[in-house]
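Listed below, chain by chain, are the residues.
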Amino acid sequence: MACMVIVGTQWGDEGKGKVVDYYAGKADVVVRFSGGNNAGHTVVVKGKKYAFHLMPSGALRGTQLIIGNGVVVDPKVLLEEMEMLKKEGITPKLLISERAHVIFPYHRALDEAEEQFKGKRKAGTTKRGIGPCYEDKAGRFGLRMCDLINREMLKEKIDHLFPLKEKQIQMYGGRFDFSKEQLLQEYNAYGEKLKEYVCDANLEMNNAINSGKKVLFEGTQGTMLDVDHGMYPVGTSCNVTAGAACTGAGVSPTKINEVVGLMKAYVSRVGEGPLPTELKDETGEYIRKKGAEFGTTTGRPRRVGWLDIPALRYACRINGISGLAITKLDVLAGLEKVNICTSYSLDKKTTGEVPPSCELMEQCKPIYKEMKGWQEFEAGKAEEVAKKGYDALPKELKDYVAEVSKLSGAPAYLISIGPGREETIILKDIFGK
Ligand code: GDP
Ligand code: IMO
Ligand code: MG
């Protein structure tokens, strides 16, 4: 098995960082193909926590890392992450696609201004300039890594674009408080520092695939945030589903062998929009606290809810999920009962499908199947439990996993019972050395 895509099946933050780091131990190359530093991927090794926003989550494994053409790169953030790794004694083996688009300060200002303009229809973005950068990409106004590392090209394009960006920001009533000279100076410096990593990363990646290397494609966000398939218009600005690995990295669909769907044992959402199973009561508070559900990128409290099977089944269909990685099962431990939303009630009818609009999704009332909860793992013992394997897990937890598999139609490949690398149980080894 050579190529595996890992995608979020929910609203993001399913534990992609942890699971990508886990599989990266067996991979030769890890590729980011979508999003930008709106992503916050956490990896915990020996109790130490790392948060990656642009760097692929294989960074701690010493594997070849690639930032693909589909990613939008904020060079400042990337350089900060490289610096952080350097302090840990890690020199990442990084390649950046020359075709990846670059985020500029005016994108961040526009992100803020557009959200303000949208008012109650805002998405609650991360304000990292992601949307406006993808807008420029689709509008063919964008500047790419190949421009960033070319002083003359950068100057010529910024000279042309700057007055337009100023007008756009002012049109939305936003703040525009940086000079062109400052911007050029800053970005010339970024270009100088990053140019050794910028190349035809796609060629390197396909050479690796053709020589039988194991390549892992690391998704960002989650299916319900995908610009086509997610909750429009409160999701993100690009495709984040499995097909985006093909366009965002330049790999043929015929080369992909497995698509692993990441899911939490419950759901979480940071930002606006409908969440049918949202828990606004003390159970929700309990899960948020125990699961440390606060945004990795913005620190915002995440909204939490019971597992949503219509959304999961939808994600399995859109992504062609071959197997699931289920995280945070430890967080639900200790609850007497655990609910699974099996369908929605919408307009006096029962449906198992996700409606196309926020307005209809807001009206969906969850229909639950109640499951028995399972006992707490003894404090600090999750790693020990994981070592003993799946059979050692509480019966009720295994029943929950079996039910999720049955309802979603996808087998469980991996179970996670803690944030640490070792707090992981493999049910089917699809990426062994
Ligand atoms: P990502 O965006 O999908 O990579 O997820 P985040 O890193 O933003 O959020 C997931 C959070 O859950 C992080 O703090 C992880 O360290 C943590 N985490 C991952 N898997 C588990 C698990 O099985 N149990 C617990 N308790 N925490 C986990
Ligand atoms: P990871 O990869 C959770 C949400 C934002 C907002 C909407 C649009 O860590 O799972 P954007 O800044 O992309 O324009 O915001 O999408 N969002 C995420 N939520 N996890 C993420 O990434 C997210 N990236 C964006 O909160 O509602
Ligand atoms: Mg995250």
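In what follows, the structure referred to is the one given above.
Parameters and conventions
Residues numbered from 1 in each chain as written. Chains lettered and ligands numbered in written order. Predicted model: local features only at pLDDT ≥ 70, side-chain atom pairs only at ≥ 80, totals over all residues. Heavy atoms only, no water. Donors = N, O, S within 2.8 Å, 3.2 Å for Na, K, Ca; no water. Helix = DSSP H or I, 4+ residues; strand = E, 2+ residues; numbered from the N terminus. Buried < 20%, exposed > 50% of the residue type's maximum accessible area, 1.4 Å probe, protein only. Contact = heavy atoms within 4.5 Å. Pairing = 2+ DSSP bridges. Near = heavy atom within 4 Å. Polar contact = N/O pair within 3.5 Å; in protein donor to acceptor, adjacent residues only side chain to side chain. Areas by Shrake-Rupley, 256 points an atom, 1.4 Å probe, with all protein chains shown as cover. Nonpolar A, V, L, I, M, F, W, Y, C, P; charged D, E, K, R; others polar.

Trainee: Please explain the coordination of the magnesium ion (ligand 3) as it appears in this structure.
Mentor: Each pair of donors in an ideal octahedron of six around a metal sits at 90 or 180 degrees, and each pair in an ideal tetrahedron of four sits at 109.5 degrees. With distances of 2.0 to 2.2 Å, the protein atoms coordinating the magnesium ion (ligand 3) are Asp13 (OD) and Gly40 (O). Of the two residues, Asp13 sits in the loop between strand S1 (3–8) and helix H1 (16–24) while Gly40 sits in the loop between strand S2 (29–32) and strand S3 (41–45), which places them 27 residues apart along the sequence. In this pair, the class of Asp13 matches that of Gly40, namely buried.

Trainee: Help me out: how do you make sense of the side chain of Asn37 in this one?
Mentor: Positionally, Asn37 belongs in the loop between S2 and S3. For Asn37, a relative accessible area of 3% puts it in the buried group. If we ignore the near neighbours within four places in the chain, the residues touching Asn37 are His53, Leu54, Val72, Asp74, Val77, Ile103, Arg128, Ile130 and Thr297.

Trainee: Sorry if this is basic, but what is going on with the pairing of strand S4 (residues 48–52) here?
Mentor: Here S3 pairs with S4 via 5 bridges, running antiparallel. Its bridge partner lying in S4, Val43 is registered against Tyr50. Taken together, S3 and the strand that follows it, S4, pair antiparallel across an intervening segment of 2 residues, in which Lys46 is found at a positive phi of about 50°.

Trainee: Sorry, what's going on with the site of ligand 2 here?
Mentor: In the neighbourhood of ligand 2, 22 residues make up the surrounding shell, with His41, Ala123, Thr126, Thr236 and Val270 lying closest. Within the side chain of Lys16, an N or O atom sits 2.8 Å from an oxygen atom of ligand 2. The separation between an oxygen atom of ligand 2 and a polar main-chain atom of Gly124 is 3.3 Å. When ligand 2 is considered free in solution it has 550 Å² of accessible area, and contact with the protein chains removes 98% of it. Taken together, the residues of the shell around ligand 2 sort by class into 6 nonpolar, 12 polar and 4 charged.

Trainee: For this particular structure, what's the right way to read the sheet that holds strand S5 (residues 64–67)?
Mentor: Hydrogen bonds between backbone atoms are what pair the strands of a sheet, whose relative direction is either parallel or antiparallel. Ordered in space as S9-S7-S5-S2-S10-S1-S11-S15-S19-S20, the 10 strands form an open sheet in which the pairing is mixed. If you trace the sheet from one side to the other, it starts and ends with strand S9 (198–199) and strand S20 (424–426), each paired once. Here S1 pairs with strand S10 (residues 215–218) via 4 bridges, running parallel. Across the sheet, the residue bridging to Met4 is Leu216, located in S10.

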